[in-house]
Structure formats: structure tokens, C-alpha cells
Amino acid sequence: MADILTQDQIDTYDRDGFCGPIDVMSEAEAGRIRAALEAAEAAHPELIGPENRNDAHFAFRFLDELVHHPRVVAAAGDLMGHDLIAWSTVLFVKEPHTPGFVSWHQDFTYTGVEPHEGTTAWIALSPSTVKSGCMQFVPGSHRHGIRPHRDTFDDDNILTRGQVIEDFDTDSAVPVELRPGQMTLHHVRTVHGSAANTSDHRRIGFAIQAYMPPSVHQSKGWDTAQLVRGEDRYGNFQLGPRPAKDLDPAGVAFRELSAERMSEILYDGAARKRAY
Ligand SMILES: O=C(O)CCC(=O)C(=O)O
């Protein structure tokens, strides 16, 4: 028996590789988290911003609480099982009327994590609409392997390498609009992307990439993660602490280690490396 997802949502996820919107919290609660985020952006731009967007959950309580939010964890667990680790997190912010977009890609292209067992949760902290550049998913695209990606390093592409899948029919892509406090879940091989924000407001999403069973491993050497629920009986990842408070020194130090390692892994073999 699933805890959060309906059987229909589970069937949709199995068939299409994504499901949502899933209600996580009220709009008012999401608004409080957004306010905490914007206060942190203003006070600590060196720790949280467009070039410091990875693994901030190790340093900031309000993001740690999202990773461990009971409804998010239970929904991910409905798909992945009881024992769960989180590999990394990314804040995806698109400012109003800016050209930043996300090209068609599959999350586990460069992560080195094997096998591809994992689900990405993307939580909206502001309205995510077609106009503001919500996520779009290609149904059924998770059923095949990782497709060839070409690195573009396009300045407007907010993915690390600006990687894109070409020669792939995305006509069937489905945009999923979310109100603040809702999320989607997508399989780590589902082809997805998002367009530029042409609205008057910020589009803010927090992605946990990805909730995985602790049995998966890193094929490119050592790696970090965080235990989210249950037990890790495999020890395949160096597990980071939960911050006791914002800017907890142990969390800030682990975040540096983790984000640096993630950057090494994601840019492995790339012709260039960007700051994020
Ligand atoms: O925020 C976006 O538009 C894209 C995010 C994404 O690609 C992901 O969470 O996997």
C-alpha cells in the first residue's frame, strides 16, 4: 500500500516516467520557505545563488527540511522503497523575463550512478507555469537507455554542460504546471526540459536529484550522499550530516566537499567547466 501516491499516479509514473502535480504543502508554507530562501540569497550570495546552487541543503535548514519533508520522502518511497538516500540537490531559479532555459536531457547522463534507480523530486516555491518555464516531460522516454547528449555550453542553457539530446522526437512532451508547494517526480532517465521564463515573477524550483535506494553505487570512484530514511546497509556513499542550524560549520564543510565532487563527476571528460 502506497503512503502518498495514488495507484493511478504510480501507474502513470511507471508508464510515462513522471507524475504530478503532487501536493506537498500549502501555498502559505511554500511562501514561508521562499521568504527564507530569498533572505539567504540576500545575506549570503557567496553561498546561495546562480553559481552556488548545488547541495545547499547541507548548509541551510529550510532546504534540509524540504529534502526530509515527510510527504516528499513518503512519495519518493512509494516508488523507490523504504531505505532512501538523496544524491544531490539543485536550486533552479529563473528570473522574470530572462532567457535561461533547460535543454532536453536525462538526469543520470553524467552522474556515474549505477544502476539508474532513482526519482527526482522537483518542488515549486513559486508558480511554475508554461509562461514561467515549467518542466516538460516526454512520456515513456525513461524506458530506454541514456541517449547521446551533445555539450553546447550555451550561455542561456542553465544545465552544467548545456547538454542536449538531439534527433529525438519531443512533440509529445507534456508541460506540468505547479502551484507553490506542489511537486513532480520523474525517473532519472525521463527526457525533460524547460523553456525561458517570460512571466513577471521568479520561477523557483528545488530539485532533489535523486532519491535512490542505498544499493546503487558510483561508477566513477567515491561519492557523497545523505541518508534520508531507513538504513544504508551498503556503504557505497560517504553520507553527509543534516545541519543543526543554518550555516552549521559541519554542514557547510560537507557541502563544499560534496559540491566539488559533484562538479568533478558531472564535468568528467568535458571540454570546459563552468562555475556551477
Ligand atoms: O528547473 C528546470 O526547469 C529543470 C530542472 C531539471 O532538469 C531537473 O530537476 O532535473
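Anyway, here's the lowdown on the structure attached to this text. Because the structure is predicted, anything quoted here is derived from the model rather than measured. (Residues numbered from 1 in each chain as written. Predicted model: local features only at pLDDT ≥ 70, side-chain atom pairs only at ≥ 80, totals over all residues. Heavy atoms only, no water.)

## As for the environment of histidine 44
Then, in step 1: Here histidine 44 lies in the loop between α2 (27–43) and α3 (61–67).
Then, in step 2: For the pair histidine 44 and alanine 30, spaced 14 residues apart in sequence, the C-alpha to C-alpha distance is 21 Å.
Then, in step 3: Residues within four places of histidine 44 in sequence aside, it is in contact with Phe60 and Leu247. (Helix = DSSP H or I, 4+ residues; strand = E, 2+ residues; numbered from the N terminus. Contact = heavy atoms within 4.5 Å.)

## Regarding the side chain of arginine 161
Then, in step 1: Residue placement: arginine 161 occurs in the loop between β7 (149–150) and β8 (164–165).
Then, in step 2: Look at arginine 161 and you get buried, because its relative accessible area is 4%.
Then, in step 3: At a separation of 2.8 Å, a polar atom in the side chain of arginine 161 contacts the main-chain carbonyl oxygen of leucine 266.
Then, in step 4: Each residue touching arginine 161, except ones within four places of it in the same chain, is listed here: Tyr110, Asp151, Thr152, Phe153, Leu266, Tyr267, Asp268, Gly269, Ala270 and Arg274. (Buried < 20%, exposed > 50% of the residue type's maximum accessible area, 1.4 Å probe, protein only. Polar contact = N/O pair within 3.5 Å; in protein donor to acceptor, adjacent residues only side chain to side chain.)

## Topic: α2
Then, in step 1: With 17 residues, α2 extends 24 Å between its outermost C-alpha atoms, agreeing within 8% with the 24 Å of an ideal straight helix rising 1.5 Å per residue.
Then, in step 2: Those residues of α2 that are buried lie in contact with α3, β2 (84–94), β5 (119–124) and β12 (203–212). (Expected span 1.5 Å × (residues − 1).)

## As for empty space enclosed by the protein
Then, in step 1: Evaluated as defined, the whole model comprises two cavities of 30 Å³ or more.
Then, in step 2: Of the pockets and cavities examined, the largest cavity occupies roughly 230 Å³.
Then, in step 3: Leu159, Thr160, Gln163, Gln209 and Leu266 are the residues nearest the centre of the largest cavity, which is lined by 19 residues in total.
Then, in step 4: Looking at the lining of the largest cavity, the elements with two or more residues in it are β2 and α5 (249–266).
Then, in step 5: Among the elements that take part in the lining of the largest cavity, β2 stands out by supplying four residues, more than any other.
Then, in step 6: Estimates place the volume of the second largest cavity at around 90 Å³.
Then, in step 7: Phe92, Val102, Trp122, Met135 and His192 are the residues nearest the centre of the second largest cavity, which is lined by 14 residues in total.
Then, in step 8: Listing elements by their share of the lining of the second largest cavity, those giving two or more residues are β3 (102–105), β5, β11 (192–194) and β12.
Then, in step 9: Of all the elements, β12 adds the most residues to the lining of the second largest cavity, at three residues.
Then, in step 10: Along the lines of polarity and charge, the residues of the lining of the second largest cavity split into six nonpolar, six polar and two charged. (1 Å grid on protein atoms, 1.4 Å probe; cavity = no way out; pocket = protein on both sides within 12 Å on 5 of 7 lines; lining within 4 Å. Points joined across faces, edges and corners; volume = space filled by probe spheres on them. Nonpolar A, V, L, I, M, F, W, Y, C, P; charged D, E, K, R; others polar.)

## Remarks on the sheet that holds strand β14 (residues 224–229)
Then, in step 1: Reading across the sheet, the seven strands line up as β1-β10-β5-β12-β2-β14-β15 and stay open at both edges, with mixed pairing between neighbours. Across the chains shown, the open sheet's two edge strands, defined by having one partner strand only, are β1 (18–23) and β15 (238–239).
Then, in step 2: With four bridges connecting them, β1 and strand β10 (residues 182–187) associate as antiparallel partners. By the bridge assignment, phenylalanine 18 is partnered in β10 with histidine 186.
Then, in step 3: Running over the sheet, α2 touches β2, β5 and β12 and is turned about 100 degrees from β12. (Pairing = 2+ DSSP bridges. Axes fitted to C-alpha atoms, helices over the stretch in contact; angles between N-to-C directions.)

## Observations concerning the site of the ligand
Then, in step 1: What surrounds the ligand is a group of 13 residues, the closest being Asp107, His192, Ser194, Arg203 and Gln209.
Then, in step 2: Take histidine 105: an N or O atom from its side chain is 3.2 Å from an oxygen atom of the ligand.
Then, in step 3: Measuring from an oxygen atom of the ligand, one finds a side-chain N or O atom of histidine 192 at 2.9 Å.
Then, in step 4: Here the ligand, which alone exposes 290 Å², has 100% of that area covered by the protein.
Then, in step 5: Assessed atom by atom at 2 Å from the grid points, the ligand resides in the second largest cavity.
Then, in step 6: Elements with a contribution of two residues or more to the shell around the ligand: β2, β3, β11 and β12.
Then, in step 7: When residues of the shell around the ligand are assigned to their parent elements, the largest contribution, three residues, is made by β12. (Near = heavy atom within 4 Å. Areas by Shrake-Rupley, 256 points an atom, 1.4 Å probe, with all protein chains shown as cover. Sits in = over half its atoms within 2 Å of the grid points.)

## A closer look at the layout of surface pockets
Then, in step 1: Counted as a void, the largest pocket has a volume near 400 Å³.
Then, in step 2: Along the wall of the largest pocket there are 20 residues; nearest its centre are Pro50, Arg53, Val93, Lys94 and Ile158.
Then, in step 3: Sort the elements by how many residues they give to the lining of the largest pocket and β2 lands first, with four residues.
Then, in step 4: Grouping the amino acids of the lining of the largest pocket by side-chain chemistry returns eight nonpolar, four polar and eight charged.
Then, in step 5: Empty space within the second largest pocket amounts to approximately 290 Å³.

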